[in-house]
Amino acid sequence: MPLRLPDGLPAIDILKRENINIEDILAKEEDKRPLRIVILNLMPFKATTETDFIRILSNSPLLLDINFMKLKSHASKHTPTEHMDRFYHTLEELSKEKIDGLIVTGAPVEGIPFEEVDYWTELQEIFNWARENVRSTLYICWAAQAGLYHFYDIPKYPLPKKMFGIFPTIPLKPEQPLFRGFDDVFRMPQSRHTEVRREDIEQVDDLEVIAESEESGVSIVRSRSRREFFITGHLEYAPDTLDTEYRRDLGKRDDVEVPKYYYREDNPDKGPLVTWRSHANLLFMNWISWVLGGE
């Protein structure tokens, strides 16, 4: 089923080269309302994140209308203003029509207390609005920590070293619709310097840890009373994302380690071994069905 994307979005050309039919993406069907998904993209390099999420959402059997949200209180330093003006809209603009699902991405502000993030107040307003007006929200990586802190006062903790790699993860509630079709173990990319802890989450009746890794800790938390999911990792990552991060930081810092369980034979020269994409696709497709009111 096609996606509806803003005309001219750079991701379209990339996906076309990946043999995703461009005619299918630029849908012109007017006879039914598509499922409307908005992505609040907090990452600095917007086009890369756009492509990651569109690529994974393109597997949906349902008609999706994908839009991008920007903040009024923060200007991107790494993405041209022309790109932001053309493809991104404020909450006020996007909320004029019904939004079915919201995805809030991570952000490179882990080392800053939440209240000191320059757009924290606006982000809180968006979180509150989404809780009352969006059928389901996915909070990814830093956004998961931010959402848990905003709604439930769950703190984040600095890690002694970066959690970096593709970690075996257990679905603790395999009956959850989000895990329909999952194996007993799946793998989740992680790239973060902070964590949330199970003991804090267990103090909140409305929260439930539904996926966890022995090595990387809490992986997915859900709100029992609402369709909100807090995902600590990056299932949307492309095969080369961690490699790009590793090579970018190598030689610039003294704490850069080879991402675990990522390279073939743990050798960067042999390239990544992709082990997470099938479950990533399945999770997002299950979420889309859940947004529509599936079991």
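Residues numbered from 1 in each chain as written. Predicted model: local features only at pLDDT ≥ 70, side-chain atom pairs only at ≥ 80, totals over all residues. Heavy atoms only, no water.

The name given to the protein chain in an unreviewed UniProt entry is Homoserine O-acetyltransferase, and the organism recorded there is Prevotella melaninogenica. Its UniProt record, at the heading Function (unreviewed entry), says of the protein chain: "Transfers an acetyl group from acetyl-CoA to L-homoserine, forming acetyl-L-homoserine." Its UniProt record, at the heading Sequence similarities (unreviewed entry), says of the protein chain: "Belongs to the MetA family." (UniProt positions renumbered as here; feature names shortened; annotations may be inferred.)

So, on to the overall build of the protein chain. A count of helices and strands for the protein chain gives 10 helices and 11 strands. For 295 residues, the compact-globule estimate of 2.2 N^0.38 gives 19 Å, and the protein chain sits close to it at 18 Å. C-alpha extents for the protein chain along the principal axes are approximately 50 × 45 × 40 Å. Taken across its 295 residues, the protein chain has 56% of its residues classed as buried. Put simply, of all contacts in the protein chain between residues at least 6 apart along the chain, 73% involve residues at least 24 apart. Per element, the accessible surface of the protein chain, about 13,800 Å² overall, is 47% carbon and sulfur. Distance from the positive charge centre (38 side chains) to the negative charge centre (51 side chains) of the protein chain: 2 Å. (Helix = DSSP H or I, 4+ residues; strand = E, 2+ residues; numbered from the N terminus. Rg over C-alpha atoms; globule rule 2.2 N^0.38 Å. Buried < 20%, exposed > 50% of the residue type's maximum accessible area, 1.4 Å probe, protein only. Contact = heavy atoms within 4.5 Å. Areas by Shrake-Rupley, 256 points an atom, 1.4 Å probe, with all protein chains shown as cover. Lys, Arg positive; Asp, Glu negative; His and termini not counted. Charge placed at Lys NZ, Arg CZ, Asp CG, Glu CD.)

A separate point is the packing of helix H3 (residues 46–57) against helix H10 (residues 277–291). Axis separation between H3 and H10 bottoms out at 9 Å; the angle between their running directions is 75°. In terms of orientation, H3 lies roughly perpendicular with respect to H10. Only Arg 277, Ala 280, Asn 281, Phe 284, Met 285 and Ile 288 of H10 make contact with H3, whose side of the interface consists of Phe 53, Arg 55, Ile 56 and Leu 57. Its residues assigned to classes, the contact of H3 with H10 shows seven nonpolar, one polar and two charged. (Axes fitted to C-alpha atoms, helices over the stretch in contact; angles between N-to-C directions. Parallel < 35°, antiparallel > 145°, perpendicular 65-115°, else oblique. Nonpolar A, V, L, I, M, F, W, Y, C, P; charged D, E, K, R; others polar.)

Once that is clear, we can look at the UniProt feature "site: Important for acyl-CoA specificity" (unreviewed entry) in the protein chain. Listed under "site: Important for acyl-CoA specificity" (unreviewed entry) in the UniProt record, and renumbered for this structure, are Glu 110. Note on placement: Glu 110 falls in the loop between strand S5 (101–104) and helix H6 (120–133). Among the residues examined, Glu 110 registers a relative accessible area of 12% and is labelled buried. With near-sequence residues (within four places) excluded, Glu 110 lies in contact with Trp 142, Lys 156, Ser 191, Arg 192, His 193 and Thr 194.

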